[in-house]
Structure formats: structure tokens, C-alpha cells
Amino acid sequence: MNETPTGPDLSKSAEAIVDPADPPSIIDEGTASRNRPLWRRLLVGFLKVIFLTPFYLLIALVAFGGGVGWHYFEASADIDLTAVDRLEVGALVRDVHGREIGRAGTMSRLLITREDIPPHFVDALIAAEDQRFFLHPGFDPVGSVRAAWVNYRADSIREGASTLTQQLARDVYKLAGKDADRKLSEVAAAVRIEEHYTKDEILVHYLNRIYFGSGFYGLGSAARGFFGKTAQELTVDESALLCGLIPSPSRYSPLVSEALALENRNQTLRRMHQIGKLTDSQLASLLETESIVAKSREHLINRGQVNYLLARVERELRASLATRPVPIKSLDGLVVETSIDLEMQQNAARSIDRHLEEVVKRAATAGTPGDDLEAAFVMMENRTGRIVVSVGSRDFHKSEYDRAVEMTRPPGSALFPFVYAAAFETGAFTPDTPVFDAPFDNREMGIGSVGGILGEWSAENPGNRWEGRITAAKALRLSKNSPTARLGLQVGLGPVRELVAAAGIQSPFEDAPGSLLGKSEVNLTEITLGYTVFPNGGTRAPLPGMIREVRDASGKLISPPLELKPDPAMSGATASAVSACLTATSGGVTQSGKSGTTPAFTDAWYFGFDDEYTWGTWVGRDSFTPLFPLAFGSEFAKPLAAAIVAERTSTSPAVPVAASEKP
Amino acid sequence: MRIFTLICSLLLIALGAVGYYGWGVEGEGPRTLVSAIPGGFGLLMLIGVILALPLRRTGLQLAFLAAVAGGFSGLGRLTPSYLKETLDWQSHPMNLIVAMAAICLGYVLVAGFRCLFVRSKPVPAKAKEEEAPPFKANGEAEGESEAGNSIDA
């Protein structure tokens, strides 16, 4: 085939003899081009640059991307594909009476099989999450482009590009995060999963793992929790509602926001219609259907407490097992005996819900919104520190934030007993020592607004009056600010800090006079632990926990024995003296305790104790805004604590965990 | 240029064979087609060389594209490891990938250089008539590659 003429025929026009099947290329212009007119050579060169450079760049880019994919695909060769169908059986958790609470480490899943998934649920899931699920090999370039286009058009994130298999890979291999490395690892893992499992198997594993919000993991648990049904019994609208929750289950849960759940359900129904799974009339009818979340509020609160306890026990258990000489990673087969009284826990949660309803009404009359009011309650054994009740939020399905453990707030006047204890420990003060209740310049303490006279707003006394010379016992009982400030400054920050730390309060005690009046933040559980020193004769309980003992599958005890810490925080005499100051008899009922209020009325506290237990209560808002003016701990936290403790002797049966809900 | 292309393609095929048969044997990775990828690029280049016999520029274009793809895929394969600081220069797979990228990018550079910079000096038509070698059977003139801007040797 003649290509480039040389020799005598060079005078001929080059292009006239170039083989059309072998056009000049960027790498081989040949001599023919040399013989073209300059303008033509320039034009051809320019066109080559214009058209071929992007082509080569595209090839280079695609090749580079392929190389990156090669890296991740190779890296994914080591992943354990059997982990996909290996859901933990979890640890059996029992309460103090031996009643089964549930299983920790399984997220309370109710496992389903392929036969349990109704066809319309699959349609809804495909429509909502991954329309090409049955076509793609684990990742979906077409879906990704479509999602990018839809999101670009909408100028917001409307569609995700992750396939169901990618979501499964993310869950199994803990690939949360949005950086490119995680995303590419997820795609590679998804391809591996698709190689190893059928689409139906992937679907089942996905639905057994996925989170549907409000503490419900897996389709079985969500169907039971939201609708009181099995997965098989779900209707089309219920299926669409559940599938609509998947992108953001914590926000879209019908127990958090019915409006958002409904909006997402309808969006899923419209997508089902778009892909031909629903007719026009079916869509119109379903959009009018009300999806009823069947559970009563009491049931949801009780169920929420079970989920909360299981999550908390799992955290504590994993932390404990990790410290063993040979760490145990799987909870399968373990039996965990806890100190929790499930009945009392659920009663406490319901009491909090009822009490806050009352507070909301009070707040409304004071012109303050009350929809974000929260409360927490902790009760522990004096001797062992074991937790009997721990309620971290008003409704666990709405908020999983554990205010009993994770939240720190200033205790205000609830800290006073420790200041007086430090004073009594010096030997220079006794409950009968006179202290001076008179105006005190707040600039020395820096509480609330820096100026003003301390005592004008005496936290527990709205109609404060100066009492002059009173005993220390009376000042503590009446929660007087100015005598406590004077006493604390005399004793000094150091001794008070040491005593607070010895009592088990580990949050930092700020090096400022305001700390003497409870300005330094603490969490509810640790300050409740601190209060155990008073009924315990000066020795605090061990660090609080829920787990009494753990046995492995063979029945062998594997939890370490409880270590009682005898180091006293104060002398028995001091503990008795403070206890006496905090004990009063009213109407034939003797109560020991101390309320607490912060200056801006943001937090209301109450701590009480008897011979066996110590308990603490907090009422407030997450936003740090006031409950409302003059919302004192004695009025808002103390009655709540009293109501919960009064139910300690109740014999009403706890709402059991249904047998069908057990994994 | 075809000889150079042929050498590069054979080197890549050899790398692919070592990757496929060597890694698994040494226990450094499973014996999968992925480890034979360098050989794939080499095969494409070899096809280019063969194609260049009747269709010189088309064949070399194919070889050039294969080299671009091989070189940049090698870079893409190494980049994540480099960014994650997990490059292990002692491992055989890593050495083979580096070798693949080096061969392919070397070929791209040589070809690009020849295309852009190795241009023939203009030859007066009269002198050319006198010096012009006779046509060869495949239509290629002797010494053209040295004088022209083609990468074809």
C-alpha cells in the first residue's frame, strides 16, 4: 500500500495519493504533509491539536481512573466476604430480676428471609434507592450520572449515587465517610460482593442490616416497631414510607417528624409510578392513604428504653471486654446480668414524659416554648455504684443523646453540700458554726451577670431576705448563696476541689471562685455518684456501671469481680453532718436530698438518697436557654424524682419485650 | 519506530506473564487476570506493530494509544498508594507496575518527541530527485524515518 510518495513523484499533490484507510496522524505526518502549502499544514496542525489533544487527554484520564480502580480492586481482594452474612447473635442481657431485656450487639434486629419481603417492598426499595439494582455489577455509572444531573438541576442533593450493594458494603466494612478513598473502597467492595452473592441474597442482607431510624435496625424490627406488623404484612404505602426513611432515618422517622416521613413516602410512591410499578389510579389512591404508625406513646417509650439500655450495655460490655488480657471482640453467646430494673426504668421514662407535659404547660403560661424540654434521671446502689435506672432522654426514638452521661451542665446550688463538707473537714467549721447571710458583692464570684449583689437572687429563694447570722446547717438547708460564698472563700478552692474529685466527680473543677457556687460543669451520673458519699459514711461508690456479671457461652464467669474502693472522700462524721443538714421530715415522710438551680434558670436539679440508693434528676433544655423565670430545682426536678422513686415499690408489670421481637 | 514498538510490546507481555505466574507463586497475591494487565497493554502494542505492516500509521497510532493507556493506568495504580504512603518498593507487584508505567510512558515520550521535534530538513526538489532512493516493496523509502517527522522507523 503506497502511503508517502518520495522520489520523482513528489511534485504531485500529497493528499491525492494518501490511502484513505491510512490517514495522517499526529505521530506520523509523513513527507506528504511537508509538501503541502504552509497554510494547509498550519490548518491541519491546528485541527489536530483541537481535536486530537482532548482525545488523548481523555484516554489518559480514563486510563488513570482505571489505574486507580485497579488499585482499589486489588486492595479489596483481602476483604472477608463471609462477613456480609455474618450478623452477630449478640449477648443476652437480663435485668436485675432475671428478666430478658434483649440482645446487645445485634441492634435488636429481627432477621428476615427473602420470602418475608413482599414484592411491593422490593419495588419501593428499587424505586427509592437503586433503580438499576438488578442490572449493575455493584456500582452504577449510569445511575451516578443521572443522580449528578438531577442534583445539578435541583441545585441540591436529591438523589444519591450509592447502590444498595455499596450501602451494604459500607455497613459491613464500616466504610462511613465521604472522602474519595472510602468511596472507592466501597465501590471495590461492592463489586466483590456482587461476585460472591446473588442479587436476592444481597437484598436480604441489606434489609437485615439497614437502619430505619428510632432505634430500629433491619426491616423486621422496623416493621414491628413502626407498624406492629411482620415484614410480610406491610402494605404498599407502609413499604414506601419505610423506604423513604433510608436516606436520613434519624430525621425522617415518623416518630421524629410525621410531615417529613409523609413527604418522603409520597416521593417514593411517585418514583414507583415513574418506573411503572404503580398505575395512575393506584398512585392517586396511595397518596391519599394515611400510613398509621400503630404504637401508643407508652409502648414507644418503653420500647425506646429497651433500645437505650441495650445500646448502653453494649458500649459498657465492649469497653470491658477490650481491657481483658485477651480481648473478646464478638458478643455472641455471652450472658450479661445487669443491675437495671427494667420495670422501674420504663416507669421512670413514662414519669418523665408525663412530668414534662406539666412543665410545658407551666412554661406556656410563662410565655416560654416547651417543646424542647428534656429531662434525665439516674439511680444507683450506694454500696456498689451499680445503676438501677438511667434515663438519658425524654424519648429515645426522638433523641438518642444520653443526657445522663454525655451532657455536662453547671450544677448550681446542687454543689453546696460538697462545699460545706470541705469546710467541716477542716475542723474549723461545724453545722452549728454561725455564718453570715448578708449582701455580697458578686464581682468576687463572677456568677451570672458579673455585677450586682450576690444573694439578691438567692437561687432557692425567690423572695430572698437577709437572715443575718445563721448556722451553717441552716444556710445549707436553705441553699443560701452569700453565706456559702463566704464559707467557700474561707476554706479555699483547693480543699473543695480535692473533695469533689475524691467523691468521684471527674469533670474539671474550674479554678475560679464561681466554682464554689456550682459554676463548673458536671454530668448527672458523676454528681449522683458524688452524692453517694453522704449515705455511705464518706466513701463513694465504685465507678457506676450497669453490668453485674458476664458469662460466656459455656457458663464460665468472665467479668472481673467488683472492686470496692475504700478510699474515703471525707470522714464519717462529716458525711453524717452533711446528711443531717440535708434531711428533713415533712408529713411523716423523711427525705434526704438537695435541689439545685443555676442562676439563669437553665438547669433544675435534684439529688436524693436513702440507705440503699442515691438518685439524681436534671430538667432543662439542650439549647441552654432558661426553662422559664423562677424555675427552681425544688419545684421542677424534686417532684419528678419523688414520683419516680415512689414507683420503686410498684408491682405493675413491665412491658415485656415480645417474643417475636427477639432476634 | 516499529522495532522500538515491538521491543516495548514484548517487554510488557513479559511483565504480564511474570505478574500472572509470578505473584501467585510467590504468595504476594492471587493469580488473577488483573495481575496480567501489563501483558494486555503489550498485546495491544503488538497488534499495533502487526497492523503497522500494512497500515503503518494506523498501527502505530494504536500502539501509541495503548502506551498512553498503559502509562497512565500505571500512574493511576500507583497514585493512591503514594498518597496513602503505602508504596512498598520491595514488593514484586509494585516493581512490575512501575516497570510497566516506565516502559509505556517512555514509549509515549519517545513517540511524542519524534512527532514534535524530529522534523526533516527541507530538501530541494532537484537534489531530492537525485538523491531519492528507489521505492521499496512496501512503499517506504530508505532513510525516510531519519529525515522525516514520522515516528515510524
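Residues numbered from 1 in each chain as written. Chains lettered and ligands numbered in written order. Predicted model: local features only at pLDDT ≥ 70, side-chain atom pairs only at ≥ 80, totals over all residues.

Caption draft 1: Broad picture of the sheet that holds strand β3 (residues 335-338) of chain A. Residue and element names in this part refer to chain A. Across the sheet, four strands lie side by side as β2-β1-β3-β12; this open sheet has mixed pairing. The sheet terminates laterally at β2 (100-104) and β12 (547-551), the two strands that pair on one side only. Recorded for the sheet is a direction-independent mean angle of 20 degrees between the axes of neighbouring strands. Across the sheet, helix α14 (residues 297-322) is in contact with β1 (91-94), β2, β3 and β12; its angle to β2 comes to roughly 55 degrees. (Pairing = 2+ DSSP bridges. Helix = DSSP H or I, 4+ residues; strand = E, 2+ residues; numbered from the N terminus. Axes fitted to C-alpha atoms, helices over the stretch in contact; angles between N-to-C directions. Contact = placed C-beta atoms within 7 Å.)

Caption draft 2: Examining the environment of Thr532(A) more closely. Residues and elements named next belong to chain A. Mapped onto the fold, Thr-532 is located in the loop between α20 (524-531) and β12. Given 27 C-beta atoms within a 10 Å radius, Thr-532 is considered buried. In this structure the C-alpha to C-alpha distance between Thr-532 and Phe-607, which are 75 residues apart in sequence, comes to 9.9 Å. Excluding residues within four positions of it along the chain, Thr-532 makes contact with Met-380, Asn-382, Gly-385, Arg-540, Ala-541 and Thr-614. (Buried ≥ 20, exposed ≤ 12 C-beta atoms within 10 Å, placed from the backbone.)

Caption draft 3: Representation of the nonpolar core in the model. All names here are of chain A. Grouped together as the largest cluster of nonpolar side chains are 102 residues, with contacts concentrated most on Phe-377, Val-378, Val-419 and Tyr-420. Apart from residues lying up to four places away in sequence, Tyr-420 is in contact with Ala-472, Leu-476, Val-578 and Cys-581. Judged by nonpolar contacts, the second largest core, of 50 residues, contains Val-236, Ala-240, Leu-241 and Leu-242. (Core = buried A, V, L, I, M, F, W, Y, C linked by C-beta atoms within 7 Å.)

Caption draft 4: Structural detail: unusual backbone geometry. Its identity is not glycine, yet Phe624(A) carries a phi of approximately 70 degrees, on the positive side. Along the chain, the position of Phe624(A) falls in the loop between β16 (613-621) and α22 (633-636). Even without being a glycine, Glu85(B) presents a positive backbone phi close to 55 degrees. Its location among the elements puts Glu85(B) in the loop between α3 (56-83) and α4 (92-117). With 6 C-beta atoms packed within 10 Å, Glu85(B) lands in the exposed category.

Caption draft 5: Focus on the sheet that holds β16(A). All names here are of chain A. Read across the sheet, six strands follow the order β5-β4-β16-β15-β14-β13 without closing on themselves; strand pairing throughout is antiparallel. Edge positions in the sheet fall to β5 (387-391) and β13 (583-586), since each of these pairs with one other strand and no more. Strand after strand, the sheet turns through a mean of 20 degrees between neighbouring axes, direction not considered. Pairing of strand β4 (residues 373-381) with β16, which is carried by nine bridges, proceeds in the antiparallel orientation. By the bridge assignment, Glu-381 is partnered in β16 with Tyr-613.

Caption draft 6: A look at the confidence of the model for chain B. Residue and element names in this part refer to chain B. Of the residues in chain B, 69% have a pLDDT of 70 or more, and the chain-wide mean is 75. Across chain B, the element-wise mean pLDDT spans from 38 in helix α6 (residues 144-147) up to 90 in helix α2 (residues 37-51). Interface confidence for the predicted complex, given as ipTM, is 0.74, next to a pTM of 0.62. (pLDDT = per-residue confidence, 0-100.)

Caption draft 7: Geometry of the packing of helix α16 (residues 416-425) of chain A against helix α19 (residues 493-502) of chain A. All names here are of chain A. It is the contact of α16 with α19, at a shortest axis distance of 9 Å, that shows an interaxial angle of 115 degrees. In terms of their interaxial angle, α16 and α19 are classed as roughly perpendicular. As α16 runs across α19, the sense of the crossing is right-handed. Side by side, α16 and α19 meet where Phe-418, Val-419, Ala-421, Ala-422 and Glu-425 of the first sit next to Pro-495, Val-496, Leu-499 and Val-500 of the second. Residue classes in the contact of α16 with α19 are distributed as eight nonpolar, no polar and one charged. (Parallel < 35°, antiparallel > 145°, perpendicular 65-115°, else oblique. Left-handed = near helix turned anticlockwise from the far one by under 90°. Nonpolar A, V, L, I, M, F, W, Y, C, P; charged D, E, K, R; others polar.)

Caption draft 8: Region of the structure containing the pairing of strand β7 (residues 434-437) of chain A. All names here are of chain A. Of the two faces of β7, only one is covered, namely that formed by Val-435 and Asp-437; the face formed by Pro-434 and Phe-436 stays uncovered. In the sheet, β7 pairs with strand β10 (residues 468-471) via four bridges, with the strands oriented antiparallel. Across the sheet, Pro-434 pairs through a bridge with Thr-471, a residue of β10.

Caption draft 9: Structural context of the confidence of the model for chain A. Residue and element names in this part refer to chain A. With 87% of its residues at a pLDDT of 70 or more, chain A shows a mean pLDDT of 83. Here helix α1 (residues 14-17) stands out as the element of chain A with the lowest mean pLDDT, 37, in contrast to α16, whose mean of 96 is the highest. Note on residues 1-29: pLDDT is under 50 here. Beyond four places in sequence and across chains, it has 67 contacts. Counting contacts from residues 650-663, a segment whose pLDDT is below 50, to residues more than four positions away or on other chains yields 22 contacts.

Caption draft 10: How the structure looks around the environment of Ile246(A). Residues and elements named next belong to chain A. As for its position among the elements, Ile-246 is in the loop between α10 (236-245) and α11 (249-252). Between the C-alpha atom of Ile-246 and that of Glu-129, which follows or precedes it by 117 residues, the distance is 8.2 Å. Leaving out residues up to four positions away in the same chain, Ile-246 has contacts with Ala-128, Glu-129 and Ile-210.

Caption draft 11: Just α3(B), in detail. All names here are of chain B. Here α3 spans 40 Å end to end across 28 residues, near enough to the 40 Å set by a 1.5 Å rise per residue. Within α3, 21 of the 28 residues are buried, which leaves it mostly tucked inside the rest of the structure. Immediately downstream of α3, the backbone of Glu-85 shows phi near 55 degrees, a positive value. (Expected span 1.5 Å × (residues − 1).)

Caption draft 12: Representation of the packing of helix α15 (residues 342-365) of chain A against helix α23 (residues 638-646) of chain A within the structure. Residue and element names in this part refer to chain A. As a packed pair, α15 and α23 sit with axes 9 Å apart at the nearest point and diverge in direction by 145 degrees. In the packing of α15 onto α23, the handedness of the crossing is right-handed. Within the contact between the two elements, α15 uses Ala-348, Ser-351, Ile-352 and His-355 and α23 uses Leu-640, Ala-643 and Ile-644. Looking at the contact of α15 with α23 residue by residue, the class counts come to five nonpolar, two polar and no charged.

Caption draft 13: A look at the environment of His397(A). Tracing the backbone shows His397(A) in the loop between β5 and β6 (408-409). Taking C-alpha positions, His397(A) is 9.8 Å from Pro254(A), a pair spaced 143 residues apart along the chain.

Caption draft 14: Representation of the pairing of β5(A) in the model. All names here are of chain A. With five of its five residues buried, β5 lies for the most part within the structure. Pairing between β4 and β5: four bridges, direction antiparallel. Across the sheet, Met-380 pairs through a bridge with Ile-387, a residue of β5. Hairpin remark: β4 followed by β5, antiparallel, with five residues in the connecting loop; positive phi at Gly-385, about 75 degrees.

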